[in-house]
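This is what each chain is made of:
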Amino acid sequence: MQTVSISFFRFPTIIARTWAFTMMGAARLSLLHEREISFWKLCGSGTGEGFTPIPNTAVYAIVATWENDEVAHDRVGNSRLWQRYRRKSQEDWTVFMVPIASRGKWSGRAPFMTTKMKAHGPLAVLTRATIKTRVAIPFWRQMPDVSRAIGTNPHVIFKIGLGEVPFLHPITFSIWPDTETMVEFARSPSGPHQAAIDAVREGGWFHEDLFTRFTVTGESGSWGGGSPLEKRMHADV
């Protein structure tokens, strides 16, 4: 059963951030030779709530797919590349997930192999798109409202905006306590998220897009001094 990992790294100094930026190109060779990895992407992040085209030079991420959960934990924990990132970073956090629903493509591929496993516990959502150049400005005008809505939503456990290429290849990643909470936010007829979706569909803004739901199966490391998942669980007690 395929396992997907998404690893976040926070870099504290200019030197470390410069290293992380250069690795957006240099790490590709290592990933091409990484054992048992079937799909990977190197990502930067956005400022504020993350859903902006302005880069946050302190945070980078690696998305990867693995044959199963055991392999994913082993390679994220022991791969020389991941170890190099951890040594350079101030902190790192990896979320392990199993895809349960997916539609669309990423760089011409359907990278996530879904399972019939029912969602249990936290639900993660990843979206990725290639924006048509002519509509990049209208698209990003929609995002501040969406960003504020997610940022003020009391139910969202974790959220971040990522990207492969600034302005044109946005990625969103969020974790919710359950499917019902996520669907309520996404499909609210009067909300900014639905308005953005309607604009995208009516204008044909994307060359390609991907929407995937995952059930979260594990984590390692810390973010913001602890586990975002555990912080939420304690807050709900």
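Residues numbered from 1 in each chain as written. Predicted model: local features only at pLDDT ≥ 70, side-chain atom pairs only at ≥ 80, totals over all residues. Heavy atoms only, no water.

Visitor: Quick one: what's the story with the overall build of the protein, residue by residue and with numbers?
Guide: From N to C terminus, the protein includes 7 helices and 8 strands. Relative to its full complement of 237 residues, the protein shows a buried share of 49%. Long-range pairs, those at least 24 residues apart, make up 76% of the contacts in the protein with a sequence separation of at least 6. Per element, the accessible surface of the protein, about 11700 Å² overall, is 55% carbon and sulfur. (Helix = DSSP H or I, 4+ residues; strand = E, 2+ residues; numbered from the N terminus. Buried < 20%, exposed > 50% of the residue type's maximum accessible area, 1.4 Å probe, protein only. Contact = heavy atoms within 4.5 Å. Areas by Shrake-Rupley, 256 points an atom, 1.4 Å probe, with all protein chains shown as cover.)

Visitor: Could you give me a rundown of the packing of aromatic side chains, with the residues and numbers involved?
Guide: Counted by the stated rule, this structure contains 16 aromatic pairs. Centre to centre, the rings of W93 and F158 are 4.9 Å apart; their planes meet at 70°, and the pair counts as edge-to-face. On the criterion of sequence distance, the pair formed by W93 in strand β4 (residues 91–104) and F158 in strand β6 (residues 158–163) is long-range, its members being 65 residues apart. If you follow R10 out to its NZ or CZ, it ends over the ring of W223, 4.1 Å from the centre. (Phe/Tyr/Trp six-rings, centres within 6.5 Å; stacked < 30°, edge-to-face > 60°. Lys NZ or Arg CZ within 6 Å of the ring centre and 35° of its normal.)

Visitor: Could you give an account of the pattern of salt bridges, with specific residues and numbers?
Guide: Using the criterion set out here, one finds 8 salt bridges in the structure. Among the ionic pairs, R10 bridges to E91, the shortest N-O distance being 3.0 Å. In this pair, R10 is assigned in strand β1 (residues 3–10) and E91 in strand β4, connecting sequence segments 81 residues apart. In this structure, the salt-bridge partner of R128 is E208, at a minimum N-O distance of 2.7 Å. One end of the pair, R128, is in strand β5 (residues 123–131); the other, E208, is in strand β8 (residues 206–221), and 80 residues separate them in sequence. (Salt bridge = Lys/Arg side-chain N within 4 Å of Asp/Glu carboxyl O.)

Visitor: I'd love a proper account of the confidence of the model for the protein, names of residues and values included.
Guide: Looking at the protein, the pLDDT average stands at 84 and 77% of residues meet or exceed 70. Across the protein, β1 holds the top mean pLDDT of 98, while helix α6 (residues 192–203) sits lowest at 52. (pLDDT = per-residue confidence, 0-100.)

Visitor: Summarise the nonpolar core; cite the residues concerned and give the values.
Guide: Counting residues in each nonpolar core, the largest one holds 28 residues, and the members touching the most others are F8, M97, F158, F173 and I175. For this core, the elements supplying multiple residues, two or more each, are β1, β2 (37–46), β3 (55–66), β4, β5, β6, β7 (170–176) and β8. Among the elements that take part in this core, β3 stands out by supplying 4 residues, more than any other. Not counting residues within four places of it along the chain, the set of residues in contact with F158 comprises F8, W93, F173, S174, I175, W223 and P228. F9, A16, L42 and W82 belong to the second-largest nonpolar core, a separate cluster that totals 23 residues. (Core = buried A, V, L, I, M, F, W, Y, C linked by side-chain atoms within 4.5 Å.)

Visitor: Give a detailed account of the packing of helix α1 (residues 14–32) against helix α3 (residues 80–88), specifying residues and quantitative values.
Guide: For any two helices packed against each other, one specifies the inter-axial angle together with the distance between the axes. Running from amino to carboxyl end, α1 crosses α3 at an angle of 180°, the nearest separation of the two axes being 11 Å. Taken as axis vectors, α1 and α3 run roughly antiparallel relative to one another. Mapping the contact onto sequence places A16, W19, M23, A27, S30 and L31 in α1 and L81, W82, R84, Y85 and K88 in α3. (Axes fitted to C-alpha atoms, helices over the stretch in contact; angles between N-to-C directions. Parallel < 35°, antiparallel > 145°, perpendicular 65-115°, else oblique.)

Visitor: Could you give an account of the pairing of β1, with specific residues and numbers?
Guide: Extensive coverage of β1 is indicated by the burial of 7 of its 8 residues. Note that β1 and β3 share 8 bridges and pair antiparallel. Bridge pairing in β3 links I6 to V63. Pairing between β1 and β4: 7 bridges, direction antiparallel. Along β4, the bridge assignment pairs V4 with M97. (Pairing = 2+ DSSP bridges.)

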